[in-house]
Amino acid sequence: MDARKIILLVGALIIAAVTAFVARSLVLGQAAPTAQAVPAVIAPPAPTGPEVMVATRALPVGTILDQTSVTFKPWPSELIDKAYFVKDRPESNIKNLLGTVVRVAITAGQPVTQGALVKPGDRGFLAAALGPGMRAVTVPLQGQQQQVAGFIFPGDRIDLILNQRVAGGGDGPPLNVTETVMRNLRVLATDSHTDQAQDDKGNTVVRPYNSVTVEATPKLAEKIVAIQNLGGSLSVALRSIADNASELEEKIASGAINVPDGLDAKAEQAMMKRAEGEPVAAKNSYVTGADVSRFQRATVPGKTASADAPTGAPGAAPAGGYPGAPRGPVVRIARGNNVTEVPVGGKN
């Protein structure tokens, strides 16, 4: 082997050794990866301050408070206002606030302030309970309805039923007719009470009422006053909450209400709430005495012709028995200026 090859071989070995040394230094010089702790998400501490009265749901203007409208929740001490209802204070007893009316809208979870409520007897109480454009009308109750109305409380919705006795123009018993004249009326007060009477144990006390004050549109208010002058008796019937939803579907299907265009959820909810709470005049439905008893009349008694009065005389009923009844064939006989009608087969 000549010297040149030996030099090349020694140089290659030196280069390989240096390369290996450098590679080893790089590997050993890198820091080992270390695990880093991820900070845990810590929930904010629950308020530990006094409990204040908050709304359990959205309470729009005119809402009548009941047991489910409000509750007590802890609230930060530094955020408590003097107008809040703080638990264990005399003015914060929920029983004393039942029947009060919301006059400033309260969102769900928001504290209820004393200025947001109007108590019965306060100035502007009834006006705050009424919705925009609505009127308050008092409906008198009679007899057994006073006992039945004890189960109806402010905030409930009722139907108004009219019972009449139509005498007609003839003999015999009058026609008994019962019909629902108003639907979906909101009760504002019973007599002068706007709350539910409770005993010492918190149980609801049923008490008779002489009148019920309801919310109605101006046109329906006029009709309710006119109904009271018809001479019949008025009754109230408590409505189910499910009835409002079914009637809302009928209104949408018939086009009685306009559904907002687009996908505006707030506008749609406002439309549904407005439509469900709207009082309406009832459809043309009625029940006569004959529908419930075979011994009652099904029509108005007609006026019969007097045996002494000639047919065709002033005030006499036409052939058929009562005014407006269909007549059979007649023969008209004229004697000067007097014209009489004789039914075919009758005697002149």
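So, a few notes on the structure that sits alongside this text. Being a predicted model, the structure only gives us computed values, none of them experimental.

We now examine the overall build of the protein. Within the protein, the secondary structure is distributed over seven helices and 13 strands. Relative to all contacts within the protein whose residues are 6 or more apart in sequence, the contacts with residues 24 or more apart total 65%.

Moving on: the side chain of Ser 92. The residue Ser 92 is located in the loop between strand 2 (70-74) and helix 2 (94-97) in this model. You can call Ser 92 buried: its relative accessible area is 4%. Apart from residues no more than four positions distant in its own chain, Ser 92 is found in contact with Met 53, Phe 72, Phe 85, Val 86 and Lys 87.

Another point: the side chain of Thr 288. Counting through the fold element by element, Thr 288 comes out in strand 11 (residues 286-288). When sequence neighbours within four positions are dropped, the list of residues in contact with Thr 288 reads Leu 175, Asn 176, Val 177, Arg 297 and Ala 298.

Moving on, we come to the packing of aromatic side chains. Considering all chains together, one arrives at zero aromatic pairs under this definition. Between Arg 294 and the ring centre of Phe 295, over which it is positioned, the NZ or CZ distance is 5.9 Å.

Moving on: the pattern of salt bridges. Proximity of charged atoms lets side chains of opposite charge pair with each other. Under the defined criterion, the tally for this structure stands at six salt bridges. Notably, a salt bridge pairs Lys 87 with Glu 51, separated by 3.3 Å at the nearest N-O pair. Of this pair, Lys 87 sits in the loop between strand 2 and helix 2 while Glu 51 sits in strand 1 (residues 51-55), and the two are 36 residues apart along the sequence. Among the residues examined, Glu 51 registers a relative accessible area of 29% and is labelled partly exposed. Residue Glu 215 is joined to Arg 186 by a salt bridge in which the shortest nitrogen-to-oxygen separation is 3.1 Å. Of the two residues, Glu 215 is situated in strand 8 (residues 211-216) and Arg 186 in strand 7 (residues 175-190); the sequence distance between them amounts to 29 residues. It is possible to trace a salt-bridge network through shared partners that takes in Asp 159, Arg 183 and Arg 239.

So, on to the pairing of strand 6 (residues 157-166). Relative to strand 7, strand 6 is paired through nine bridges, and the arrangement is antiparallel. If you follow Arg 165 over to strand 7, its bridge partner there is Asn 176. Relative to strand 9 (residues 233-238), strand 6 runs antiparallel, the two being bridged by six bridges. What sits directly across from Ile 158, in strand 9, is Leu 238.

Okay, helix 5 (residues 218-228) next. Residues Leu 220, Ala 221, Ile 224 and Ile 227 constitute the buried set of helix 5. Along helix 5, the residues classed as buried sweep out an arc of 120 degrees about the axis, all on the same side. Structural note: helix 5 exposes Lys 219 and Glu 222 on the side pointing more than 90 degrees away from its buried face. Of the surrounding secondary structure, the elements contacted by the buried residues of helix 5 are strand 5 (135-140), strand 6, strand 7, strand 8, strand 9 and strand 10 (280-281).

Scoring rules and cut-offs
Residues numbered from 1 in each chain as written. Predicted model: local features only at pLDDT ≥ 70, side-chain atom pairs only at ≥ 80, totals over all residues. Heavy atoms only, no water. Helix = DSSP H or I, 4+ residues; strand = E, 2+ residues; numbered from the N terminus. Contact = heavy atoms within 4.5 Å. Buried < 20%, exposed > 50% of the residue type's maximum accessible area, 1.4 Å probe, protein only. Phe/Tyr/Trp six-rings, centres within 6.5 Å; stacked < 30°, edge-to-face > 60°. Lys NZ or Arg CZ within 6 Å of the ring centre and 35° of its normal. Salt bridge = Lys/Arg side-chain N within 4 Å of Asp/Glu carboxyl O. Pairing = 2+ DSSP bridges. Arc of directions from axis to C-beta.

Note that all results are geometric; they support no functional claim without further evidence.
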